[in-house]
Amino acid sequence: MCLSDAYELVGGERRPLMSYVSGISVEDSVITLTDMLGARKIIPGTLRSVDLTHNVILIEPTAKAE
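These lines cover the structure that appears in this document, whether it is placed above or below. (Residues numbered from 1 in each chain as written. Predicted model: local features only at pLDDT ≥ 70, side-chain atom pairs only at ≥ 80, totals over all residues. Heavy atoms only, no water.)

Considering the nonpolar core
Thought 1: Residues Ala6, Leu17, Met18, Val21, Ile31, Leu33, Ile43, Ile57 and Ile59 constitute the largest nonpolar core, which totals nine residues.
Thought 2: Elements with a contribution of two residues or more to this core: strand 2 (13-27), strand 3 (30-35) and strand 5 (56-61).
Thought 3: Of the residues forming this core, the biggest block, three residues, is contributed by strand 2.
Thought 4: The residues touching Ile57, leaving out its near neighbours within four places in the chain, are Ser4, Asp5, Ala6, Tyr7, Val21, Ile24, Leu47, Ser49 and Val50. (Core = buried A, V, L, I, M, F, W, Y, C linked by side-chain atoms within 4.5 Å. Buried < 20%, exposed > 50% of the residue type's maximum accessible area, 1.4 Å probe, protein only. Helix = DSSP H or I, 4+ residues; strand = E, 2+ residues; numbered from the N terminus. Contact = heavy atoms within 4.5 Å.)

Put into structure tokens, the structure is as follows:
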């Protein structure tokens, strides 16, 4: 079984979001990650890349208003 690790890209750095990701869904600018146990994480942002060879998902989060 090949599961992926998801990272957010912030200032050019990768920050871990979720491990063992088994599913990704994208609707408008909201990405939902689901892990192998069914836990979900919702991230507003843009899916930048999915590397299936190295099992890496990169997401650029939407900037938060201050």
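A closer look at the side chain of Asp35
Thought 1: Here Asp35 lies in strand 3.
Thought 2: Arg40 provides the closest opposite charge to the buried, unpaired Asp35, separated from it by 8.5 Å.
Thought 3: The residues touching Asp35, leaving out its near neighbours within four places in the chain, are Met18, Ser19, Tyr20, Val21 and Ser22. (Lys, Arg positive; Asp, Glu negative; His and termini not counted. Salt bridge = Lys/Arg side-chain N within 4 Å of Asp/Glu carboxyl O.)

Quick word on the pattern of salt bridges
Thought 1: Tallied over the full model, the rule gives one salt bridge.
Thought 2: With its nearest N and O atoms 2.9 Å apart, the salt bridge here joins Arg48 to Glu60. With Arg48 in strand 4 (residues 40-51) and Glu60 in strand 5, this pair connects stretches of sequence that are twelve residues apart.
Thought 3: Using a relative accessible area of 47% as the deciding quantity, one classes Arg48 as partly exposed.
Thought 4: Taking relative accessible area as the criterion, Glu60 reaches 35% and is therefore assigned partly exposed.

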